[in-house]
Amino acid sequence: MRSVRDLRIVRSLALHRNFARAADELGMSQPNLSRALRSLEDSVGMPLFDRSRTSVTPTVAAEIVLQRCDALIAGFDDLAQTLELKRNEDQRGFRVSVGPFAAEAVGLESFADHAGTSRISLGRLVVRDWRTCLEDVLDGRSDLAITDTRSAADRPGLATETLGGGPVSFFCHWRHPLAQRSDVGWDDIMRFPWALTLMQGRWLDLLPQDLGAAGRRDPETGDFVPAICVDSFPAMTAAVRNERAISAAPPAFIRDEIERGEFVTLPIEEPWMRMEYGLVWHAERSWPRTLVRFVDTLRMTQARQKTLLNPGA
């Protein structure tokens, strides 16, 4: 026996006792099956089947093969299936939901780095608000989220790993009425529409009770819905460029605009004005290897960014 194909030929002929039916099961023509059996018998050195005009009958040699062929074929099938599962594991694509600030901080650059170093890119990155990021992971739409990790604390089944964060500053366009003010208070901030992503309800406990023009509380979820609720950081800055809205972000995100004089940070600070982000995933689901490689790239990208921002650290 030279291959599992030879074993299947013997088993099929012994089962059907007929070349036509065996050839049909094996997906071969009858002439090809006949030639394959003759070649197999030549290699064995003895006949495997006695032929009549209408049927075939296993010989003693075939009976010896039949005693062992089922186990050998099953072993080969199991091996092939295991290898196929491994191949699919290595090549299965992944989907990552990323919050707007996390996308700006590490997500998009890491994804670009990953795509640039991979032979084939099998990932998809989607920018979502924090609530949708968590729902994507819980419902299995995404393998991973990169978003506010504190929001995942009360969601059973989610695991987290904090990646970083930092202080956040309010900013506006240089033509905005608050741009030239040196004494900006919360009453001033609340007079203008905020251009931000959906915010967790916990922030409402830290803001003035009167939200003014800044936004509103969602009566169903308790979330803070900014007046201009957007799902990406570029959309936030686009709204600020219209000169009426204000927004908030880590100063590093708008460094170029500040240096050009286009945006101005507002002189209002609180200890709680900080961004925190990290990985969120379902604790009971395994990661495809493609996602493992992406997360490795993400961590390297973040380490490089920290080095650039803090060269003396």
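Relevant structure appears above.
Given the structure is predicted, the values throughout are model-derived calculations rather than measurements. (Residues numbered from 1 in each chain as written. Predicted model: local features only at pLDDT ≥ 70, side-chain atom pairs only at ≥ 80, totals over all residues. Heavy atoms only, no water.)

Engineer: Teacher, can you tell me more about the nonpolar core here?
Structural biologist: Nonpolar side chains tend toward joint burial in soluble globular proteins. Ranked by internal contacts, the top residues of the largest apolar core, which has 54 residues, are Val-96, Ile-146, Phe-170, Trp-186, Ile-189, Trp-194 and Phe-294. In terms of residue count, helix H5 (residues 100-117) provides more of this core than any other element does, 5 residues in total. Setting aside chain neighbours within four positions, we find Trp-194 in contact with Phe-170, Trp-186, Ile-189, Leu-207, Ala-213, Ala-214, Phe-224, Pro-226, Ala-227, Ile-228 and Ile-246. Counting 23 residues, the second largest nonpolar core, distinct from the first, contains Val-10, Leu-13, Leu-48 and Val-56. (Core = buried A, V, L, I, M, F, W, Y, C linked by side-chain atoms within 4.5 Å. Buried < 20%, exposed > 50% of the residue type's maximum accessible area, 1.4 Å probe, protein only. Helix = DSSP H or I, 4+ residues; strand = E, 2+ residues; numbered from the N terminus. Contact = heavy atoms within 4.5 Å.)

Engineer: Looking at this structure, I do not really get the pattern of salt bridges. What am I missing?
Structural biologist: By the definition in use, this model includes 20 salt bridges. A salt bridge links Asp-148 to Arg-150; its shortest N-O distance comes to 3.4 Å. Residue class for Asp-148 comes out buried when judged on its relative accessible area of 10%. Sharing partners across several salt bridges, the network here consists of Arg-95, Arg-128, Asp-136, Asp-139 and Arg-141. (Salt bridge = Lys/Arg side-chain N within 4 Å of Asp/Glu carboxyl O.)

Engineer: Explanation requested: the sheet that holds strand S6 (residues 158-167) in the structure shown.
Structural biologist: Pairing between the strands of a sheet comes from backbone hydrogen bonds, and it takes one of two forms, parallel or antiparallel. With mixed pairing, 5 strands are arranged side by side in an open sheet as S4-S3-S5-S14-S6. Each having just a single partner strand, strand S4 (123-127) and S6 make up the two edges of the open sheet. When the angles between neighbouring strand axes are averaged without regard to direction, this sheet yields 15 degrees. Pairing of S6 with strand S14 (residues 274-282), which is carried by 9 bridges, proceeds in the antiparallel orientation. Bridging from a neighbouring strand, Gly-164 pairs with Tyr-277 of S14. On top of the sheet, helix H6 (residues 130-138) reaches strand S3 (94-98), strand S5 (144-147), S6 and S14; it is set at about 160 degrees to S5, its chief contact. (Pairing = 2+ DSSP bridges. Axes fitted to C-alpha atoms, helices over the stretch in contact; angles between N-to-C directions.)

Engineer: Explanation requested: empty space enclosed by the protein in the structure shown.
Structural biologist: Unfilled space is identified by rolling a water-sized probe across the atoms. Taken as a whole, this structure holds 1 cavity of 30 Å³ or more when the rule is applied. For the lining of the largest cavity, the per-class residue count stands at 17 nonpolar, 4 polar and 5 charged. (1 Å grid on protein atoms, 1.4 Å probe; cavity = no way out; pocket = protein on both sides within 12 Å on 5 of 7 lines; lining within 4 Å. Points joined across faces, edges and corners; volume = space filled by probe spheres on them. Nonpolar A, V, L, I, M, F, W, Y, C, P; charged D, E, K, R; others polar.)

Engineer: Explain the sheet that holds strand S12 (residues 247-249) to me, please; I cannot follow it from the model alone.
Structural biologist: With antiparallel pairing, 3 strands are arranged side by side in an open sheet as S12-S7-S13. Taken across any chain shown, the strands that pair with only one partner, and hence form the sheet edges, are S12 and strand S13 (263-265). Shown here is a sheet whose adjacent strand axes are inclined to one another by a mean of 40 degrees, direction ignored. Two elements, strand S7 (residues 169-173) and S13, share 3 bridges in a ladder whose sense is antiparallel. Paired with His-173 across the bridge in S13 is Phe-263. Of the strands in this sheet, S7, S12 and S13 are in contact with helix H8 (residues 233-241), which crosses S7 at around 50 degrees.

Engineer: Can you help me understand the packing of helix H1 (residues 4-16) against helix H2 (residues 19-26) in this one?
Structural biologist: Axis angle and axis distance: for two packed helices, these are the angle between their axes and the distance between the axes, and together they describe the pair. Remark: H1 packs on H2, axes separated minimally by 8 Å, with the N-to-C direction vectors making an angle of 135 degrees. It follows that H1 is oblique to H2 by the angle criterion. Remark: the crossing between H1 and H2 carries right-handed chirality. Every residue of H2 that contacts H1 at Arg-8, Ile-9, Ser-12, Leu-13, Leu-15 and His-16 is listed here: Phe-19, Arg-21, Ala-22, Glu-25 and Leu-26. In terms of residue class, the contact of H1 with H2 is built from 6 nonpolar, 2 polar and 3 charged. (Parallel < 35°, antiparallel > 145°, perpendicular 65-115°, else oblique. Left-handed = near helix turned anticlockwise from the far one by under 90°.)

Engineer: Quick question: what am I supposed to make of the packing of aromatic side chains here?
Structural biologist: In this description, an aromatic ring pair is defined by two values, namely the gap between the centres and the angle between the planes. Per the counting criterion, the structure on display carries 11 aromatic pairs. Here Phe-170 and Trp-186 contribute two aromatic rings whose centre-to-centre distance is 5.8 Å and whose plane-to-plane angle is 85 degrees, an arrangement assigned as edge-to-face. Of this pair, Phe-170 sits in strand S7 while Trp-186 sits in helix H7 (residues 186-189); the two residues are 16 residues apart in sequence, bridging distant segments of the chain. Side by side, Phe-170 and Trp-186 carry an identical accessibility label, which is buried. Centroid distance Trp-186 to Trp-272: 5.7 Å. Interplanar angle 20 degrees. Geometry classified as stacked. You can see Trp-186 sitting in helix H7 and its partner Trp-272 sitting in the loop between S13 and S14, a full 86 residues away along the chain. We classify Trp-186 as buried; its relative accessible area is 16%. (Phe/Tyr/Trp six-rings, centres within 6.5 Å; stacked < 30°, edge-to-face > 60°.)

Engineer: Sorry if this is basic, but what is going on with the packing of H1 against helix H3 (residues 30-44) here?
Structural biologist: Where H1 contacts H3, the two axes come as close as 11 Å, and the packing angle between them is 110 degrees. When the interaxial angle is binned, H1 and H3 end up roughly perpendicular. Taken as a pair, H1 and H3 cross one another with a handedness that is left-handed. Contact residues: H1 offers Arg-5, Asp-6, Ile-9, Val-10 and Leu-13, while H3 offers Leu-33, Ala-36, Leu-37 and Leu-40. Its residues assigned to classes, the contact of H1 with H3 comprises 7 nonpolar, no polar and 2 charged.

Engineer: Help me understand the environment of Asp-223 in this model?
Structural biologist: Residue placement: Asp-223 occurs in the loop between strand S9 (215-217) and strand S10 (224-226). Here Asp-223 falls in the buried class, since its relative accessible area comes to 3%. Separated by 19 residues in the primary sequence, Asp-223 and Leu-204 place their C-alpha atoms 8.1 Å from one another. A distance of 3.1 Å separates the side chain of Asp-223 from the side chain of Thr-221, its partner in a polar contact. (Polar contact = N/O pair within 3.5 Å; in protein donor to acceptor, adjacent residues only side chain to side chain.)

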